[in-house]
Amino acid sequence: MVGHCAGMIDLVALPVWVATLIGAYHLEPQQAGALPTLFLGGAVASSLIFSARNATKRVRMAAPLGFAIAAVSFWAVSLADAYLAKAALHLAAGAAAGWALSATHRMIGASRNPHRLFAAAGLSLAIFGIAYLGITPGLVEKLGGAWFFRATACVLAVAAVVSAVAFPSPKTGIRPATEDVHLPGLSSATWFGMVGIGCMALTQAMLFSFVSQIGINNGFGLKAVTAVLIALGFVNLAPAPLAAVLQRRVDPRTVLLIGPLAQALIALAISCSTAYASYAVATSMLSAVMIFTHTFAFGRLATLDPTGRAVAATPAMLMTGAAIGPILGGTLVQHLGYGSLGIAAVAIAVVSCLCFSRIPRFSASVGAANEAQAPIY
């Protein structure tokens, strides 16, 4: 759970991150947006490389070492003056954090109940997000922009220490630790599931990047929009525990087919509504749908792929969407207006549903068989 919070810190920190780069470092919006994009790009690349391999011996080492490198890189950003240096350090931090997060997700996928453990990780991220957003903006305002990067470095350093002490080791004797070649290919259902989650992450990032501006443009006011974002943080506490409770009561495939459609309806409500009540309700539910659906998807992918490569690619799935979403959303808004975001969300939801429809219904016998093959810790 600590590793999940540290590795997914971009989902929590992004609004403060960009605001700090613009307000404290006086960067142009394009320059400010490019730095988090470099972080996300590095995370995606390292996640793809790491998840493609079965290097069991290196899973135990990857988490503490990756988080430690990311912590040092972020602390160095607080000391750097040149923009190119900041850019290089963001790229290094992203690559290291993506490596560590892939190891974390691979071990969650190797647990006896990946669905339940990932739900617990999602709840921990929601709680962490409330605390982080409650502390960091005030810290930056009082002590300067460098303290955003130092505070983030401290979070990553804590994750490095906790991982070094408590990160689990895969049980030996189940699969050769050096088995990096001759792995079976991922099934088509697994690939389609990964693409489906990537599509939902794209919609999430595309809408979340502009949700505040939509409210302000509608005349709701900054205080009202801020209140909605605070409400969103508390609503996010519910979906992960709910997903854990419903694990044995709902077929994951049903959730995966409904999730993108619900996300698209929320996107339409946010982008097209001019009434504060509908905007507030839809915005507060935006992230909850993604968290709930992704928990079921994670558990299903862990069952479909006992090698752990699919779940280890979770950072790549999510952060690819996070990197593309703001650029896609900005292009649509600039040329077609905010309403186009909802239309694009519907189109992406159709693609996501088509991908999820290729995933077979859950079978208890198949799930038990795959669980027996998985590297339990």
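Now for a description of the structure that goes with this document. (Residues numbered from 1 in each chain as written. Predicted model: local features only at pLDDT ≥ 70, side-chain atom pairs only at ≥ 80, totals over all residues. Heavy atoms only, no water.)

### A word on the overall build of the protein
- What the protein contains, in helices and strands, is 17 helices and 0 strands.
- Residue pairs at least 24 apart in sequence account for 87% of intrachain contacts in the protein once pairs closer than 6 positions are excluded. (Helix = DSSP H or I, 4+ residues; strand = E, 2+ residues; numbered from the N terminus. Contact = heavy atoms within 4.5 Å.)

### Details of the packing of aromatic side chains
- Counted according to the given criterion, the structure contains 13 aromatic pairs.
- Geometrically, the ring pair formed by Phe-148 and Phe-149 is edge-to-face, given 5.0 Å between the ring centres and 80° between the ring planes.
- We classify Phe-148 as buried; its relative accessible area is 1%.
- Geometrically, the ring pair formed by Phe-220 and Tyr-276 is edge-to-face, given 5.3 Å between the ring centres and 70° between the ring planes. Taken as a pair, Phe-220 in the loop between helix H9 (211-217) and helix H10 (222-235) and Tyr-276 in helix H13 (residues 276-304) lie far apart in primary sequence, 56 residues in all.
- Judged by relative accessible area, Phe-220 falls into the buried class, the value being 17%.
- An aromatic cluster of at least three residues, connected via ring pairs, comprises Trp-17, Tyr-25, Phe-39, Phe-74, Phe-148 and Phe-149.
- Just above the ring of Trp-75 sits the side chain of Arg-150; from NZ or CZ to the centre is 5.6 Å. (Phe/Tyr/Trp six-rings, centres within 6.5 Å; stacked < 30°, edge-to-face > 60°. Buried < 20%, exposed > 50% of the residue type's maximum accessible area, 1.4 Å probe, protein only. Lys NZ or Arg CZ within 6 Å of the ring centre and 35° of its normal.)

### Looking at the side chain of Ser-111
- Turning to its location among the elements, Ser-111 is positioned in the loop between helix H5 (83-109) and helix H6 (114-143).
- Side-chain polar atoms of Ser-111 contact the backbone oxygen of Ile-108, separated by 2.7 Å. (Polar contact = N/O pair within 3.5 Å; in protein donor to acceptor, adjacent residues only side chain to side chain.)

### Remarks on the side chain of Thr-295
- The residue Thr-295 is located in helix H13 in this model.
- Relative accessible area serves as the criterion here: at 1%, Thr-295 is assigned to the buried category.
- Engagement of the side chain of Thr-295 in a polar contact is seen with the backbone oxygen of Ile-291, the distance being 2.8 Å.
- Look past the residues within four positions of Thr-295 in its chain and what remains in contact with it is His-115, Phe-118, Ala-119 and Ala-243.

### Let's talk about unusual backbone geometry
- With a phi close to 60°, His-26 is a non-glycine residue in the positive phi region.
- By the element assignment, His-26 lies in the loop between helix H2 (9-23) and helix H3 (29-51).
- Judged by its relative accessible area of 65%, His-26 falls in the exposed class.

### Comments concerning H2
- Spanning 15 residues, H2 covers 20 Å between terminal C-alpha atoms, matching the ideal 21 Å at 1.5 Å per step.
- Restricting attention to buried positions, one finds in H2 the residues Ile-9, Asp-10, Val-12, Ala-13, Val-16, Trp-17, Thr-20 and Leu-21. (Expected span 1.5 Å × (residues − 1).)

### Re a nonpolar patch on the surface
- A cluster of nonpolar side chains, Val-2, Val-158 and Val-162, forms an exposed patch at the surface whose accessible area comes to about 210 Å².
- Relative to the helices and strands, Val-158 resides in helix H7 (residues 146-166).
- Val-158 gets classed as partly exposed once you look at its relative accessible area, which sits at 48%. (Patch = residues over 30% accessible without salt bridge, like charges linked within 9 Å, V, L, I, M, F, W, Y side chains within 5 Å. Areas by Shrake-Rupley, 256 points an atom, 1.4 Å probe, with all protein chains shown as cover. Salt bridge = Lys/Arg side-chain N within 4 Å of Asp/Glu carboxyl O.)

### Things to note about the packing of H10 against H13
- One can describe the packing of H10 onto H13 by two numbers: an axis separation of 8 Å at closest approach and a directional angle of 35°. The crossing of H10 and H13 is right-handed. From H10, Ala-224, Val-225, Val-228, Leu-232 and Val-235 reach across to H13, where they touch Tyr-276, Tyr-279, Ala-280, Thr-283, Ser-284, Met-285, Ser-287 and Ala-288.
- Of the residues that constitute the contact of H10 with H13, the class distribution is 10 nonpolar, 3 polar and no charged. (Axes fitted to C-alpha atoms, helices over the stretch in contact; angles between N-to-C directions. Left-handed = near helix turned anticlockwise from the far one by under 90°. Nonpolar A, V, L, I, M, F, W, Y, C, P; charged D, E, K, R; others polar.)

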